[in-house]
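Spelled out, the chains give:
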Amino acid sequence: MGPTRALNEYHRRRDFSRTAEPRGGDAAAAPGEPPSFVVQIHDATAMHFDFRLEVDGVLRSWAVPKGPSADPQDKRLAMPTEDHPLEYREFEGVIAPGEYGAGTVIVWDEGTYRNLSQDRRGREVPFAEALDGGHASFWLDGRKLHGGYALTRIRGDGAGREAWLLVKRADRRARAAGGTDPHRARSARTGRTLRQVADDGDGNGHGS
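Let me begin by describing the structure that accompanies this report. (Residues numbered from 1 in each chain as written. Predicted model: local features only at pLDDT ≥ 70, side-chain atom pairs only at ≥ 80, totals over all residues. Heavy atoms only, no water.)

**Observations regarding the overall build of the protein**
The helix and strand tally for the protein stands at four helices and nine strands. Across the protein, helices and strands are ordered from the amino to the carboxyl terminus as α-α-β-β-β-β-β-β-α-β-β-β-α. The buried share of the protein, taken over its 208 residues, is 47%. For the protein, contacts bridging at least 24 residues in sequence account for 59% of all contacts bridging at least 6. Surface accessibility of the protein: about 10,600 Å² in total, with carbon and sulfur atoms responsible for 45%. (Helix = DSSP H or I, 4+ residues; strand = E, 2+ residues; numbered from the N terminus. Buried < 20%, exposed > 50% of the residue type's maximum accessible area, 1.4 Å probe, protein only. Contact = heavy atoms within 4.5 Å. Areas by Shrake-Rupley, 256 points an atom, 1.4 Å probe, with all protein chains shown as cover.)

Right, here's the structure in full:
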């Protein structure tokens, strides 16, 4: 599935005359560069973190209610959402009332990742294939998140409502730490809090 087809659901849910979210289609993966990831805090109907990984020209996305953790003991529920365009990596602002996902968004973390997925014989499994199979391991090099993580599907197989777990691997970057308070968290791009972005009335994707 190409990026354009993968974004059909993303486009269907949005009125781009009313939302400043990027339509997508202009960004392309940089040749030879590692794939990117972004974690956005989204103050929508229910506060949550959006965890997005660049895969095959789009951002594969999961809503993580409690956000990623650096503690391997924390098993974070991650619910798949529609693929997003690569341009969404830079989106920060206010989605207008009445629009899908209305609320404030900040970029909490960003960086690159590398695939750690292997089969039982220790051979690398392509990342998209690993995700389709229901288990993918990866190493994050972000501003805040570092080290090995895994996404594992625990319910559903694509036919119904899926549920995944996002878990930190026990490596040198693991640490016992409490969760992130989204109300106090600051943008990795602009240093602003959710309240500051909302007060700014920033509906044009500040930083994009």
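Let us keep going from here.
**Notes on the pairing of strand β2 (residues 47-55)**
Within β2, eight of the nine residues are buried, which leaves the element mostly enclosed by the surrounding structure. The pairing of strand β1 (residues 36-43) with β2 spans seven bridges and is antiparallel. Looking across to β2, one finds that V38 is bridged to R52. The loop that links β1 with its antiparallel partner β2 comprises three residues. Judged from the seven bridges that link them, β2 and strand β3 (residues 58-64) form a sheet pairing that is antiparallel. Along β3, the bridge assignment pairs D50 with A63. As consecutive antiparallel partners, β2 and β3 are separated by two residues, and within that stretch D56 has a phi angle of approximately 50 degrees, a positive value. (Pairing = 2+ DSSP bridges.)

**Looking at the side chain of D109**
Examined against the element boundaries, D109 turns out to sit in strand β6 (residues 103-115). Of the side chains with opposite charge, R143 comes closest to the buried, unpaired D109, at an N-O distance of 5.8 Å. Polar side-chain contacts of D109 include one of 2.9 Å to the backbone nitrogen of R143. At 2.8 Å, the side chain of D109 and the backbone nitrogen of L145 are in polar contact. If sequence neighbours within four positions are ignored, D109 has contacts with F37, V38, V39, G142, R143, K144, L145 and A188. (Lys, Arg positive; Asp, Glu negative; His and termini not counted. Salt bridge = Lys/Arg side-chain N within 4 Å of Asp/Glu carboxyl O. Polar contact = N/O pair within 3.5 Å; in protein donor to acceptor, adjacent residues only side chain to side chain.)

**Quick word on unusual backbone geometry**
Although it is not a glycine, D56 sits at a positive phi angle of roughly 50 degrees. Topologically, D56 is positioned in the loop between β2 and β3.

**Quick word on the pairing of strand β9 (residues 163-168)**
The element β9 is largely enclosed, with a buried count of five among its six residues. Of the strand pairs in this sheet, strand β4 (residues 75-84) and β9 are connected by four bridges, and their pairing is antiparallel. Bridged to A78 within β9 is W164. Here strand β8 (residues 146-155) pairs with β9 via six bridges, running antiparallel. Residue T152 lies in a different strand from β9, and its bridge partner there is L165.

**Some remarks on the pattern of salt bridges**
Scanning the entire structure with this criterion turns up 17 salt bridges. The partner of R14 in a salt bridge is E21, and the shortest N-O contact between them spans 3.2 Å. Of the two residues, R14 and E21, both sit in the buried class. Measuring nitrogen to oxygen at the nearest pair gives 2.9 Å for the salt bridge that ties D119 to R123.

**Section: the packing of aromatic side chains**
This model, assessed by the stated rule, comprises 11 aromatic pairs. Considering the side-chain rings of F138 and Y149, the 6.5 Å spacing of their centres and the 15 degrees angle between planes classify their relative orientation as stacked. Here Y149 lies in strand β8 and F138 lies in strand β7 (residues 135-142), a separation of 11 residues in the sequence. A relative accessible area of 1% places Y149 in the buried class. An aromatic cluster is defined as three or more aromatic residues linked by ring pairs; in this entry it consists of F37, F51, Y113, F127, F138 and Y149. (Phe/Tyr/Trp six-rings, centres within 6.5 Å; stacked < 30°, edge-to-face > 60°.)

**Description of the environment of D109**
Owing to a relative accessible area of 0%, D109 belongs among the buried residues under this scheme. Between the alpha carbons of D109 and R143 there is a distance of 6.0 Å; along the sequence they are 34 residues apart.

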